[in-house]
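# Coordinate analysis (summary)
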Amino acid sequence: MSLIDFKNNFYGGTRKNRFYIQGSFPGGSFTKFHITSAGIPSVVTKSLDYDHFGRKWAYPGEKAYENTWTFTVLDDYQSGNDTVNLWKKFQSWQNLINDHDTNVSGRVSGDYKADGWAIYHLGINGEQQTGTVTPVPLKKFVLNGCWPLSIGGIAFNMGNTNTLNTFSVTVHWDSIEIGSITTLPSGFGTTSLSF
């Protein structure tokens with residue numbers, strides 16, 4: 001492939017900083033603008049290897065999910081407005097699971113979990129594609145059964161001027177929806193992924 005071929009068949013790529021996240025806490029929700037970095041959890045199809053006459057034969061095995069998801073939050077605060085204090089909201093959520101003082105759970109069964117935590121990947125200018133009815137992102141990943149596994153620390157330093165505080169959160173999740181996955185009719189032998 002020549003450089004001209006590459007240029008004619010490359011449309012600018014996608015950007016790492018064109019995304020947003022939305023999700024709800026038990027009893028509330030948070031704004032999508034406080035997340036500074038995140039990744040998409042990996043999904044891997046494991047291999048089953050068999051020995052046959054001195055050769056390895058590999059067959060696709062079960063799908064394995066990395067069921068933890070870590071993102072970085074911009075530490076924000078507004079006096080008298082707890083809706084923007086995400087550190088406090090995550091701490092309160094984790095406290096529902098196991099109270100810091102009493103060491104007992106304030107939740108029963110699975111009602112400490114939250115569904116619908118979504119990661120949206122946007123176009124090069126932050127736009128969404130025009131769908132048949134409403135604009136849709138380039139990619140959409142929805143995590144269900146989420147709960148905070150860990151809340152990272154915040155480091156203070158007098159020498160760090162002109163720097164905003166951030167903290168990391170690792171969320172455990174039960175299932176993932178990747179865009180809209182549709183299996184094609186038999187005979188095609190493939191799967192269509194439409195986002």
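Residues numbered from 1 in each chain as written. Predicted model: local features only at pLDDT ≥ 70, side-chain atom pairs only at ≥ 80, totals over all residues. Heavy atoms only, no water.

### Topic: the overall build of the protein
Secondary structure assignment for the protein yields 2 helices and 16 strands. Considering the protein as a whole, with its 195 residues, one finds that 22% of them fall into the buried category. Carbon and sulfur atoms provide 53% of the accessible area of the protein, an area that totals close to 13400 Å². (Helix = DSSP H or I, 4+ residues; strand = E, 2+ residues; numbered from the N terminus. Buried < 20%, exposed > 50% of the residue type's maximum accessible area, 1.4 Å probe, protein only. Areas by Shrake-Rupley, 256 points an atom, 1.4 Å probe, with all protein chains shown as cover.)

### Description of the packing of aromatic side chains
Evaluated as defined, the whole model comprises 14 aromatic pairs. Between the aromatic rings of F25 and W117, the centroid separation amounts to 5.9 Å while the plane-to-plane angle is 75°, which identifies the pairing as edge-to-face. Taken as a pair, F25 in strand β2 (residues 24–25) and W117 in strand β8 (residues 117–121) lie far apart in primary sequence, 92 residues in all. Among the residues examined, F25 registers a relative accessible area of 6% and is labelled buried. Of the residues examined, W117 reaches a relative accessible area of 0% and is grouped as buried. (Phe/Tyr/Trp six-rings, centres within 6.5 Å; stacked < 30°, edge-to-face > 60°.)

### Things to note about the confidence of the model for the protein
Of all residues in the protein, 84% have pLDDT values of 70 or greater, and the mean over the chain is 80. Of the regions scoring below 50 in pLDDT, residues 181–195 engages in 19 contacts with residues more than four places distant in sequence or in other chains. (pLDDT = per-residue confidence, 0-100. Contact = heavy atoms within 4.5 Å.)

### Quick notes on the side chain of K89
With respect to the secondary-structure elements, K89 resides in helix α2 (residues 86–97). Not counting chain neighbours up to four residues away, the residues in contact with K89 comprise F25, S29, D82 and T83.

### Observations concerning the sheet that holds strand β12 (residues 147–151)
Spatial ordering of the open sheet is given by β4-β7-β13-β12, a layout of 4 strands whose pairing is antiparallel. On the outer flanks of this sheet lie β4 (35–38) and β12, each paired with one strand and no other. The mean angle between the axes of side-by-side strands here comes to 30°, regardless of whether they run parallel or antiparallel. Summarising the sheet, strand β7 (residues 68–74) and strand β13 (residues 166–172) pair through 7 bridges and their orientation is antiparallel. In the sheet register, L74 faces β13, and the bridge partner there is T166. Across the sheet, α2 is in contact with β7, β12 and β13; its angle to β12 comes to roughly 115°. (Pairing = 2+ DSSP bridges. Axes fitted to C-alpha atoms, helices over the stretch in contact; angles between N-to-C directions.)

### Side note on the nonpolar core
Grouped together as the largest cluster of nonpolar side chains are 23 residues, with contacts concentrated most on W69, F71, V73, F90 and W117. Elements supplying a minimum of two residues to this core: β7, α2, β8, β11 (139–144), β12 and β13. What F90 contacts, discounting residues up to four positions off in sequence, is F25, F71, V73, W117, P148, I151, F167 and V169. Y20, Y120, L122 and V142 belong to the second largest nonpolar core, which has 5 residues in total. (Core = buried A, V, L, I, M, F, W, Y, C linked by side-chain atoms within 4.5 Å.)

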